[in-house]
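Read off the chains here:
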Amino acid sequence: MSRAWLFIFFMGLVSLFGDITYEGARSIIGPFMASLGASAAIVGFFAGLGELGGYALRLLGGYLADRTERYWLLTGLGYLVNLLAVPSLALAGRWETAAALMVIERAGKGIRTPPRDAMLSYATSQVGRGWGFGFHEAMDQIGAITGPLLAAGVLSLGWTFRQSFALYAIPALLALIILAWARISFPVPKELEISSRSSTETDSPHFPRAYWYYLAFSAVAVAGFLHFQIIAYHFAVGRILSDAAIPFLYAGAMATDAVAALLAGRLYDRIGLRLLVTVPFLTMLLTFLVLATHPLPVVAGTLIWGVVMGLHESTLRAAIADLTPVARRGLGYGIFNTAYGTAAFISGALLGILYDRSPHQVIVFVIILEAMAFLVFLQMMKHWRAFEQDRNGKG
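Everything numeric here is computed off the predicted structure, so don't read it as measured data.

**Section: the overall build of the protein**
Then, in step 1: Secondary structure assignment for the protein yields 15 helices and 0 strands.
Then, in step 2: Here the protein has a C-alpha radius of gyration of 20 Å; the compact-globule value for 395 residues is 21 Å, and the two agree.
Then, in step 3: In terms of overall dimensions, the protein has a C-alpha envelope of 60 × 45 × 30 Å along the principal axes.
Then, in step 4: Per-residue burial for the protein yields a buried fraction of 58% across its 395 residues.
Then, in step 5: Considering only residue pairs separated by 6 or more positions, the protein has 87% of its internal contacts joining residues 24 or more positions apart.

Structure representation (structure tokens):
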């Protein structure tokens, strides 16, 4: 195994155990907060606030990563905060405490994601951006499958939500141990970067226009993408699925996410951002399905939700690595993720309010946003093609 693949594998293991921890918690936080007296608007608001805080901090994390090149320090601190917040939910006796810990957990992820992704981008330059990030995302999703299944298993055995949260201290500790091992084995990940083909835009200190259009498309598309916390809330309060069945279904969504990420990564290396044309249409379809009141359509909708997640997550990191120069890559991830998270926050709050009024209003809102996303996609592709022509022509 090459050193580049070994590094991707190590970081994949960290993400695997990390996702067991916080994706397991995310699969039951909605019903847990409902049991503490929170409304859908409250769940949606704090889910969105957590995303906003986490993504906004990625701007700081990306800037500091480029400025100081202390990639490992920032990544380690972020993981420490990110992972330890989950077992702390076992002590939450009020929805306010659970909401605060949910926001803190996202903040830790915000700090560590840009430096981690910058380090991964160096290794993926050797194996293919889409394939490398797709492989990492697939390992990540193995954890995202295992975490909810673990929650479902212990809940069906009669465990409480708090006992389930406490159990996640074990994979959190394993993630931190493997991260320390990776730090010792790869003290300077930047050495893994290989020079890409030169182009006027990638050599420029400024980001290309394609970067900004990609940012706009992703932000609008994610604004119409329902948080799973709201979906799970709908399942619980509508008595569509049992408390134990919800994390099982979430695990299924993470499985489709993993497969979609691998396929999307391969396709990205072949056709670039063209594959994202399906995102607005799949997002509209899944919204119709998950807000139904019968188990069959909500299961189908949740699995499609996982496919859209895979499309977002695998292409997002691969495209930013291609669209930004090495010296500004951390900032490129930070700016992008701040806009992405702001959109997620606004949508989380609005969709929660709209759901409390009527699920039909959620559907209308999503249709409008995803239609806008498709129009932005058409403009994005014009600039992406120009970017590709420039890069290939200068190669």
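Resuming the write-up.
**Quick word on the packing of aromatic side chains**
Then, in step 1: Evaluation of the coordinates by the stated rule reveals 24 aromatic pairs.
Then, in step 2: Ring centres of F228 and Y250 lie 4.4 Å apart, and the angle between their planes is 45°; on these two criteria the pair is classed as tilted. Here F228 is found in helix α10 (residues 228–237), whereas its partner Y250 is found in helix α11 (residues 245–271), with 22 residues between them in sequence.
Then, in step 3: With relative accessibility at 2%, the residue F228 sits in the buried group.
Then, in step 4: Here the aromatic rings of W384 and F387 are separated by 5.8 Å at their centres, their planes lie at 35°, and the arrangement is tilted. Here the residue W384 and the residue F387 both occupy positions in helix α15 (residues 359–394), the gap between them amounting to 3 residues, near one helical turn.
Then, in step 5: W384 gets classed as buried once you look at its relative accessible area, which sits at 1%.
Then, in step 6: One aromatic cluster is present, built from ring pairs that chain together F7, F10, W72, W181 and F186.
Then, in step 7: Stacked on the ring of Y79, the Lys or Arg R112 has its end atom at 4.2 Å from the ring centre.
Then, in step 8: Directly above the aromatic system of W131 lies the positively charged group of R266, at a separation of 4.0 Å from the ring centroid.

**Quick notes on the side chain of E193**
Then, in step 1: Here E193 lies in the loop between α7 (169–185) and α8 (200–203).
Then, in step 2: Within the structure, the side chain of E193 is placed 3.2 Å from the side chain of R329, a separation counted as a polar contact.
Then, in step 3: What E193 contacts, discounting residues up to four positions off in sequence, is S121, Y122, S125, R129, V326 and R329.

**Let's talk about the side chain of T287**
Then, in step 1: With respect to the element layout, T287 can be found in helix α12 (residues 279–290).
Then, in step 2: For T287, a relative accessible area of 1% gives the class buried.
Then, in step 3: Those residues within four positions of T287 in sequence are excluded, and the remaining contacts are G224, L226, V362, I363 and V366.

**A few points about the pattern of salt bridges**
Then, in step 1: Applying the stated criterion across every chain, the model contains 8 salt bridges.
Then, in step 2: Put simply, R94 and E96 hold a salt bridge, and the shortest N to O gap is 3.3 Å.
Then, in step 3: Between D117 and R116 there is a salt bridge, with the nearest N and O atoms lying 2.8 Å from each other.
Then, in step 4: Among the residues examined, D117 registers a relative accessible area of 1% and is labelled buried.
Then, in step 5: Look at the salt bridges and you will find they share partners, linking R129, E193, D322 and R329 into a network.

**Things to note about unusual backbone geometry**
Then, in step 1: Even without being a glycine, E69 presents a positive backbone phi close to 55°.
Then, in step 2: Residue placement: E69 occurs in the loop between α2 (40–68) and α3 (71–88).
Then, in step 3: Judged by relative accessible area, which is 45%, E69 ranks as partly exposed.
Then, in step 4: One non-glycine residue, R239, adopts positive backbone phi at about 55°.

**Some details on the packing of helix α13 (residues 295–323) against helix α14 (residues 329–357)**
Then, in step 1: Across the interface, α13 lies against α14 with an axial gap of 9 Å and an inter-helix angle of 140°. Regarding the angle of α13 to α14, the classification is oblique. With respect to the hand of their crossing, α13 and α14 are arranged in right-handed fashion. Between α13 and α14, the contacting residues are H312, L316, R317, I320 and A321 on the first element and R329, G332, Y333, F336, N337 and Y340 on the second.
Then, in step 2: By residue class, the composition of the contact of α13 with α14 is 6 nonpolar, 3 polar and 2 charged.

So, how was this worked out
- Residues numbered from 1 in each chain as written.
- Predicted model: local features only at pLDDT ≥ 70, side-chain atom pairs only at ≥ 80, totals over all residues.
- Heavy atoms only, no water.
- Helix = DSSP H or I, 4+ residues; strand = E, 2+ residues; numbered from the N terminus.
- Rg over C-alpha atoms; globule rule 2.2 N^0.38 Å.
- Buried < 20%, exposed > 50% of the residue type's maximum accessible area, 1.4 Å probe, protein only.
- Contact = heavy atoms within 4.5 Å.
- Phe/Tyr/Trp six-rings, centres within 6.5 Å; stacked < 30°, edge-to-face > 60°.
- Lys NZ or Arg CZ within 6 Å of the ring centre and 35° of its normal.
- Polar contact = N/O pair within 3.5 Å; in protein donor to acceptor, adjacent residues only side chain to side chain.
- Salt bridge = Lys/Arg side-chain N within 4 Å of Asp/Glu carboxyl O.
- Axes fitted to C-alpha atoms, helices over the stretch in contact; angles between N-to-C directions.
- Parallel < 35°, antiparallel > 145°, perpendicular 65-115°, else oblique.
- Left-handed = near helix turned anticlockwise from the far one by under 90°.
- Nonpolar A, V, L, I, M, F, W, Y, C, P; charged D, E, K, R; others polar.

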